[in-house]
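The chain contents come next:
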Amino acid sequence: MCGYMVQILSLSGITRDLEEGLRSKCKADIVKPYTKIFPDGEQYLRLPDALDQEIYVAQSLYPEQDRKIVELYLAIEAVKGLDRKVKALILPYVAYARQDKRFLVGEPISINALYQGLKIYGVNTIVAIDVHSPEAFSRLEFRLINILPHLFMAKYAESKIEFVVAPDKGALHRAKIVAEGLGVGLDYLDKYRDRVTGEIRVNTKELDIYGKTVAIVDDIISTGGTLAKAVDTLYSAGAKHIIAIVSHAFLSSKSIDNLERVGLKELIISNTIEQKISLPKWIKVIDISPLICPYIL
């Protein structure tokens, strides 16, 4: 490819539209490995010869997180075997990032178990989208560029956002960026999680949202249960319309039904992971490659 700025080795977790965004908006030369699965389930990977001396390796670690992580390690080792250098990893979705401490006796710190081995291959910089626990990567002495995409995504909302809410105090930093960027009010909900059962409880508090369009800002949707409870709570507090802006969405028909049932008006998500099901019109998938470009050019 003539005139490209950087070269990116794109692995199987990178979504098609994100890969195209990196190619067209970041002016990247996208190279792909040859891969196959052996009959026993093990992975095989081979890199093309025409690699730059320094390249970026891109991998989103979902679905089949374990396979994606193994593929990532195989690719990095292969880069080293060609006497090339990984300038940085681009990890749009970072798996196993929630367990950043031992909440209960006997638990592992999954971030330590899976990511500190990258240091062996000379990886020092990670470009990621909304990592659940940036501090854990700092403790491992990575240079982490943690991109929060919510304000960028908020401009795609059809509704005019009049108030921003974090689903709990721990997510307040994400919501604050959006609220300040839009010049609107900000608050958070009281959320409690049972560490043994995983059950979520969201408590109502005094919120200045009566008659307003409210945006919930968060990092992850999985079952949609927590978000549905937050939506229900905000409508009970007098909100007119509720939208959600979420970095990583693991959507299923059930989670979509849950959110539709409680009256979520819009859901805006990024393209960090591939959506395997057909999405209704009130869910928008936003290409966040323009946010990555400044950090790889």
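The structure presented is a predicted model; accordingly, all values stated were derived computationally and were not measured. (Residues numbered from 1 in each chain as written. Predicted model: local features only at pLDDT ≥ 70, side-chain atom pairs only at ≥ 80, totals over all residues. Heavy atoms only, no water.)

**A few points about the pairing of strand E5 (residues 54-58)**
Next up, step 1: Summarising burial for E5: 4 of the 5 residues are buried, a large majority.
Next up, step 2: In the sheet, E5 pairs with strand E6 (residues 85-91) via 5 bridges, with the strands oriented parallel. Residue Ala58 lies in a different strand from E6, and its bridge partner there is Ile90. (Buried < 20%, exposed > 50% of the residue type's maximum accessible area, 1.4 Å probe, protein only. Helix = DSSP H or I, 4+ residues; strand = E, 2+ residues; numbered from the N terminus. Pairing = 2+ DSSP bridges.)

**A few points about the packing of aromatic side chains**
Next up, step 1: Tallied over the full model, the rule gives 9 aromatic pairs.
Next up, step 2: Ring centres of Tyr62 and Tyr93 lie 6.4 Å apart, and the angle between their planes is 85°; this geometry places the pair in the edge-to-face category. One end of the pair, Tyr62, is in the loop between E5 and helix H2 (65-81); the other, Tyr93, is in the loop between E6 and helix H3 (110-115), with 31 residues separating them in the sequence.
Next up, step 3: Judged by its relative accessible area of 6%, Tyr93 is buried. (Phe/Tyr/Trp six-rings, centres within 6.5 Å; stacked < 30°, edge-to-face > 60°.)

**A closer look at the sheet that holds strand E9 (residues 163-166)**
Next up, step 1: Here we have 6 strands laid out as an open sheet, ordered E10-E9-E13-E14-E15-E16, and parallel in their pairing. Edge positions in the sheet fall to strand E10 (185-188) and strand E16 (283-286), since each of these pairs with one other strand and no more. Averaged over all pairs of adjacent strands, the angle between strand axes in this sheet comes to 20°, irrespective of strand direction.
Next up, step 2: Its contacts with the sheet put helix H6 (residues 172-182) on E9, E10 and strand E13 (213-221), and the angle it makes with E10 is roughly 170°. (Axes fitted to C-alpha atoms, helices over the stretch in contact; angles between N-to-C directions. Contact = heavy atoms within 4.5 Å.)

**Description of the state of the cysteines**
Here is the idea: a disulfide is a covalent bond, and it sits between the sulfur atoms of two cysteines.
Next up, step 1: Summed over the entire model, instances satisfying the criterion amount to 1 disulfide.
Next up, step 2: Put simply, Cys26 and Cys293 are joined by a disulfide, and their sulfur atoms are 2.0 Å apart. In this structure, the disulfide formed by Cys26 and Cys293 twists by about -85° around the S-S bond and is classed as left-handed. Note that Cys26 is positioned in the loop between helix H1 (16-24) and strand E2 (28-31) and Cys293 in the segment after helix H9 (289-292), a separation of 267 residues in sequence. We note that Cys26, like Cys293, is buried. (Disulfide = S-S within 2.5 Å.)

**Quick word on the UniProt feature "domain: Ribose-phosphate pyrophosphokinase N-terminal" (unreviewed entry) in the protein chain**
Next up, step 1: Following the UniProt record, the feature "domain: Ribose-phosphate pyrophosphokinase N-terminal" (unreviewed entry) maps to residues 15-120 here.
Next up, step 2: The annotated region residues 15-120 carries 30% helix and 23% strand content, and the separation between its end C-alpha atoms amounts to 28 Å. (UniProt positions renumbered as here; feature names shortened; annotations may be inferred.)

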